[in-house]
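# Chains, contacts and geometry: an overview
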Amino acid sequence: MVPVWLTDTVTSDLNRALHYTQLWGLHGMELRTVGGPDDRIPFVNEKQVREQMEGTELLLASVVPSMFEGPVSDRAAWMNDLLQFEDTLKLCRRVGCPRITVSPFAAEPSVSLVPIADALQQAGEKAAEYDLLLAVRNGPETACPTGQALADLLSRVDAPNVRAAWNPVGALRAGESPTTGLAALAGLVTLVRCSDGYVEDGRWVDASLGDGDVGWTEQLEQLAAQGFQGPISLEVYLEPRPKHGLRSATTLIKMIRDVRARTTSP
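Now for a quick tour of the structure.

About the criteria used
- Residues numbered from 1 in each chain as written.
- Predicted model: local features only at pLDDT ≥ 70, side-chain atom pairs only at ≥ 80, totals over all residues.
- Heavy atoms only, no water.
- Phe/Tyr/Trp six-rings, centres within 6.5 Å; stacked < 30°, edge-to-face > 60°.
- Helix = DSSP H or I, 4+ residues; strand = E, 2+ residues; numbered from the N terminus.
- Buried < 20%, exposed > 50% of the residue type's maximum accessible area, 1.4 Å probe, protein only.
- Axes fitted to C-alpha atoms, helices over the stretch in contact; angles between N-to-C directions.
- Parallel < 35°, antiparallel > 145°, perpendicular 65-115°, else oblique.
- Left-handed = near helix turned anticlockwise from the far one by under 90°.
- Contact = heavy atoms within 4.5 Å.
- Salt bridge = Lys/Arg side-chain N within 4 Å of Asp/Glu carboxyl O.
- Polar contact = N/O pair within 3.5 Å; in protein donor to acceptor, adjacent residues only side chain to side chain.
- Core = buried A, V, L, I, M, F, W, Y, C linked by side-chain atoms within 4.5 Å.
- 1 Å grid on protein atoms, 1.4 Å probe; cavity = no way out; pocket = protein on both sides within 12 Å on 5 of 7 lines; lining within 4 Å.
- Points joined across faces, edges and corners; volume = space filled by probe spheres on them.
- Nonpolar A, V, L, I, M, F, W, Y, C, P; charged D, E, K, R; others polar.

### Section: the packing of aromatic side chains
- Following the criterion strictly, the structure yields 6 aromatic pairs and no others.
- Ring plane angle 25° and centroid distance 4.6 Å describe the contact between Phe 68 and Phe 105, whose orientation is recorded as stacked. On the criterion of sequence distance, the pair formed by Phe 68 in the loop between strand E3 (59-63) and helix H3 (75-95) and Phe 105 in the loop between strand E4 (99-102) and helix H4 (113-129) is long-range, its members being 37 residues apart.
- A relative accessible area of 0% places Phe 68 in the buried class.

What follows is the structure in structure tokens.
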């Protein structure tokens, strides 16, 4: 398991993001917004990304375009997403990024999984031409709030490179046990989003890693048992974010190290 982070949860400035990555001891980054507030993948300064990543030995674990984030009922919008997807695929090839993280569309009343699976099928086939993985993220604001819902969706997609970006906090907020959600996704996870928190008086409260109700030690042990070796992507939402980012990164690295030691010892 490789500790990385979603940089724009703290800063969209690439220089500062690289500084924090190295300072916190993380192995790489997941990029979504790089530069100004409108500089969302793939519409970023690609030359800057390439030049500043070169020589750092840091992993570019994933990029996150604005794709499939609206309702699937708006077919014209997601067909346009597919047309623009080529720009993201070409960016990944040039900067050496192996995966793209997308949403499974926005939550809608009585939404059908059929058109969602169709859209992901088409996107997966396009990504396969570039030998790239498509990671689909669950979350309470999406059509797949839980791990079980995401597993049901992925079972309808006939594309082996379309996998899960497992978000246990999203599942917890939707009322699913993270242990149950991850069990449903066994063998399907290519990236894990990492944050923590708890529900108090009916509202969500962000917490430092390990201080919430996700149960990250158990999650990492469960991932190890499933054979997962991919990126664990830290998200930081507590202020001041640089301070809490360092604390959570240190905790994540120690947790991964401890779980690795326990699972590899004779």
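There's plenty left to go through after this.
### Thoughts on the packing of helix H8 (residues 216-225) against helix H9 (residues 241-264)
- Between H8 and H9, the least distance of the axes is 10 Å, while the angle of their chain directions is 45°. The orientation of H8 with respect to H9, classified from their angle, is oblique. You can see that H8 and H9 cross each other, and the crossing is right-handed. Across from Trp 216, Thr 217, Leu 220, Glu 221 and Ala 224 in H8, the residues of H9 making contact are Met 255, Ile 256, Val 259, Arg 262 and Thr 263.

### What about the pattern of salt bridges?
- Applying the stated rule across the entire model yields 12 salt bridges.
- Across the salt bridge formed by Arg 193 and Glu 30, the nearest N and O atoms sit 3.0 Å from each other. Taken together, the residues span a long stretch of sequence, with Arg 193 in strand E7 (residues 189-194) and Glu 30 in strand E2 (residues 28-31) at a distance of 163 residues. Of the two residues examined, Arg 193 and Glu 30, each falls in the buried class.
- As a salt-bridge pair, Arg 50 and Glu 46 come within 2.7 Å of each other at their nearest N and O atoms. Note that Arg 50 and Glu 46 are positioned in helix H2 (residues 46-53) at a spacing of 4 residues, about one turn of the helix.
- Ionic contacts of the salt-bridge type, sharing partners, join the residues Glu 30, Arg 193 and Glu 235 into one network.

### Thoughts on the side chain of Thr 11
- By secondary structure assignment, the location of Thr 11 is in the loop between strand E1 (2-6) and helix H1 (14-23).
- At 3.0 Å, the side chain of Thr 11 and the backbone nitrogen of Asp 13 are in polar contact.
- Not counting residues within four places of it along the chain, the set of residues in contact with Thr 11 comprises Trp 5, Arg 16, Ala 17 and Tyr 20.

### Here's the deal with the nonpolar core
- Core analysis: the largest hydrophobic core is formed by 79 residues, its most contacted members being Phe 68, Ile 100, Leu 120, Val 189, Leu 220, Leu 223 and Ile 232.
- Beyond its immediate sequence surroundings of up to four residues, Phe 68 is in contact with Trp 78, Asp 81, Leu 82, Ser 103, Pro 104, Phe 105, Ala 106, Ala 119, Leu 120 and Ala 123.

### Some words on empty space enclosed by the protein
- Applying the stated criterion across every chain, the model contains 1 cavity of 30 Å³ or more.
- Taken as a whole, the largest cavity holds about 90 Å³ of empty space.
- Taken together, the residues of the lining of the largest cavity break down into 5 nonpolar, 4 polar and 3 charged.

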